[in-house]
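# Architecture and fold: a report
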Amino acid sequence: MTHTAALLALHAAVALFGFAGLFGKWLALSPVAIVLGRTAIAAAALGILRLRTGERSRFDVRLIANGIVLAAHWLAFFVAIQVSTVAVGLLGYACFPLFTLALERVFFARRLRRREGGMALLATAGLVLLVPELSLANPAVEGLAWAILSGFLFALLTVLNRRWRGTRSATDIAFWQNLFAAVALVPFVWAAPWAVGAIGAREVVLLLVLGLVCTALAHTLFIGGLAAVSAHTASVIAALEPVYGIALALAFLGEVPAPRTLAGGALIVAAAVVATRQSHPATVPSRRRIR
């Protein structure tokens, strides 16, 4: 893959990651049903890919925890989208690189730098701009709270995945995580089938697009792009996910972000770009490989 093709692949993958947020508005299903459909379809596609490439990595029981965290991350993300807007959901989640730095400090005794503290303050200022009032009764505040939880859970998933670096491929990790995320959600659907929502042909098609295009294909494109682009470049492109998502929400949903949202988003994206670049280069690809 040429450098130009790799850049295009990375931008396409990140745009698809952002596009996934729109399905929270299109699908009149519960977040549990959406995430179960997405993970089950993605696991099936990635399982076929593993068979075609002849990958035979042995299962490790610790991957179950990764699947549970992935399921919780996506549940919080789609709840944020449904109770507020795509912009709020994506911008709240975009704080995950800052959570990653903090968790690396806790689990790996990583020394925090003064610049990283500045980026945390910058992101906090951006989040404050997104809050219209200090009340959970406000949909924007509730959505932002869920989105921040989603970002924290994704940061935790990033840290958990460090144990597999160099021993398992991204496809293998993504397959097991999606599989166990789906398995973890089955009991909830079985216990409360009335809360899932009506699933017709439209919902099936949308779930297939979400699972195959916005998850399996996006995952493959991002991995392919990493072959010819540095990890730092990939991290900057990955931080543009809210930008792509907000633009797509404007085009397909007619969601027009307020000037305050745009200002807060600019601060958060800037903080995410710098914070991600401060992370160890080897950890950057794995963040997006498993989403």
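Please refer to the structure higher up on the page.
Our subject in this report is the structure included herewith. (Residues numbered from 1 in each chain as written. Predicted model: local features only at pLDDT ≥ 70, side-chain atom pairs only at ≥ 80, totals over all residues. Heavy atoms only, no water.)

### What to know about the overall build of the protein
Helix and strand counts for the protein stand at 14 helices and zero strands. In sequence order, the protein lays out its α and β elements as α-α-α-α-α-α-α-α-α-α-α-α-α-α. For the protein, restricting intrachain contacts to residue pairs at least 6 apart in sequence, the fraction spanning at least 24 positions comes to 88%. Total accessible area on the protein is roughly 12500 Å²; 71% of this is exposed by carbon and sulfur atoms. (Helix = DSSP H or I, 4+ residues; strand = E, 2+ residues; numbered from the N terminus. Contact = heavy atoms within 4.5 Å. Areas by Shrake-Rupley, 256 points an atom, 1.4 Å probe, with all protein chains shown as cover.)

### Focus on the packing of aromatic side chains
Applying the stated criterion across every chain yields a total of 16 aromatic pairs. Taking the centre distance of 5.2 Å and the plane angle of 25° together, the rings of tyrosine 93 and phenylalanine 96 count as stacked. Each member of the pair, tyrosine 93 together with phenylalanine 96, is buried. Note on phenylalanine 175 and tryptophan 176: the rings are 5.0 Å apart at their centroids and 65° apart in plane angle, and the pair reads as edge-to-face. Following the ring pairs from residue to residue traces out a cluster consisting of Phe77, Phe78, Tyr93, Phe96 and Phe154. The ring of tryptophan 74 carries arginine 38 above its face, with NZ or CZ at 4.0 Å from the centroid. (Phe/Tyr/Trp six-rings, centres within 6.5 Å; stacked < 30°, edge-to-face > 60°. Buried < 20%, exposed > 50% of the residue type's maximum accessible area, 1.4 Å probe, protein only. Lys NZ or Arg CZ within 6 Å of the ring centre and 35° of its normal.)

### Here's the deal with the nonpolar core
Residues Phe23, Leu27 and Leu210 are the most contacted members of the largest nonpolar core, which totals 36 residues. Contributing elements (two or more residues each) for this core: α3 (31-53), α4 (63-83), α5 (86-93), α8 (139-160), α9 (170-191) and α10 (201-225). For this core, the leading source of residues is α4, giving seven residues. In this view, leucine 210 contacts Ala20, Phe23, Ile34, Arg38, Phe78 and Thr215; residues no more than four positions away in its chain are not counted. (Core = buried A, V, L, I, M, F, W, Y, C linked by side-chain atoms within 4.5 Å.)

### Structural notes on the pattern of salt bridges
Going through the model one piece at a time under the given rule, you end up with four salt bridges. Measuring nitrogen to oxygen at the nearest pair gives 3.0 Å for the salt bridge that ties aspartate 172 to arginine 50. A residue pair is termed long-range when its members are at least 10 positions apart, and aspartate 172 in helix α9 and arginine 50 in helix α3 qualify at 122 residues. With respect to burial, aspartate 172 and arginine 50 carry one shared label: buried. A salt bridge links arginine 168 to aspartate 172; its shortest N-O distance comes to 2.5 Å. Of the two residues, arginine 168 and aspartate 172, both sit in the buried class. A network of salt bridges, in which partner residues are shared, links Arg50, Arg168 and Asp172. (Salt bridge = Lys/Arg side-chain N within 4 Å of Asp/Glu carboxyl O.)

### Topic: a nonpolar patch on the surface
Judged by side-chain polarity, Ile199, Val204, Leu208 and Leu212 come together as a nonpolar surface patch covering roughly 320 Å² of accessible area. Tracing the backbone through its elements, the reader meets isoleucine 199 in the loop between α9 and α10. (Patch = residues over 30% accessible without salt bridge, like charges linked within 9 Å, V, L, I, M, F, W, Y side chains within 5 Å.)

### Points about α8
Look at α8: 31 Å from first C-alpha to last across 22 residues, which is about the 32 Å you get at 1.5 Å a residue. At the N-terminal boundary of α8, the capping side chain belongs to asparagine 138, with an oxygen 2.9 Å from the backbone nitrogen of alanine 140. (Expected span 1.5 Å × (residues − 1). Polar contact = N/O pair within 3.5 Å; in protein donor to acceptor, adjacent residues only side chain to side chain.)

### Structural notes on the packing of helix α1 (residues 3-19) against helix α12 (residues 241-253)
Any two packed helices are characterised by how steeply their axes cross, that is the angle between the axes, and by the distance between the axes. At a minimum axis separation of 8 Å, α1 and α12 run at an interaxial angle of 60°. When the axes of α1 and α12 are compared, the pair comes out oblique. In the crossing of α1 with α12, the sense of the turn from one axis to the other is right-handed. Taking contact as the criterion, the partners of His11, Val14, Ala15, Phe17, Gly18 and Phe19 in α1 are, on α12, Glu241, Tyr244, Gly245, Leu248 and Phe252. Its residues assigned to classes, the contact of α1 with α12 comprises seven nonpolar, three polar and one charged. (Axes fitted to C-alpha atoms, helices over the stretch in contact; angles between N-to-C directions. Parallel < 35°, antiparallel > 145°, perpendicular 65-115°, else oblique. Left-handed = near helix turned anticlockwise from the far one by under 90°. Nonpolar A, V, L, I, M, F, W, Y, C, P; charged D, E, K, R; others polar.)

### Observations concerning the environment of glycine 126
Topologically, glycine 126 is positioned in helix α7 (residues 114-130). Taking the C-alpha atoms as reference points, glycine 126 and glycine 265, 139 residues apart in sequence, are found 6.2 Å from one another. With residues near it in sequence (within four places) discarded, glycine 126 still touches Gly264, Leu267 and Ile268.

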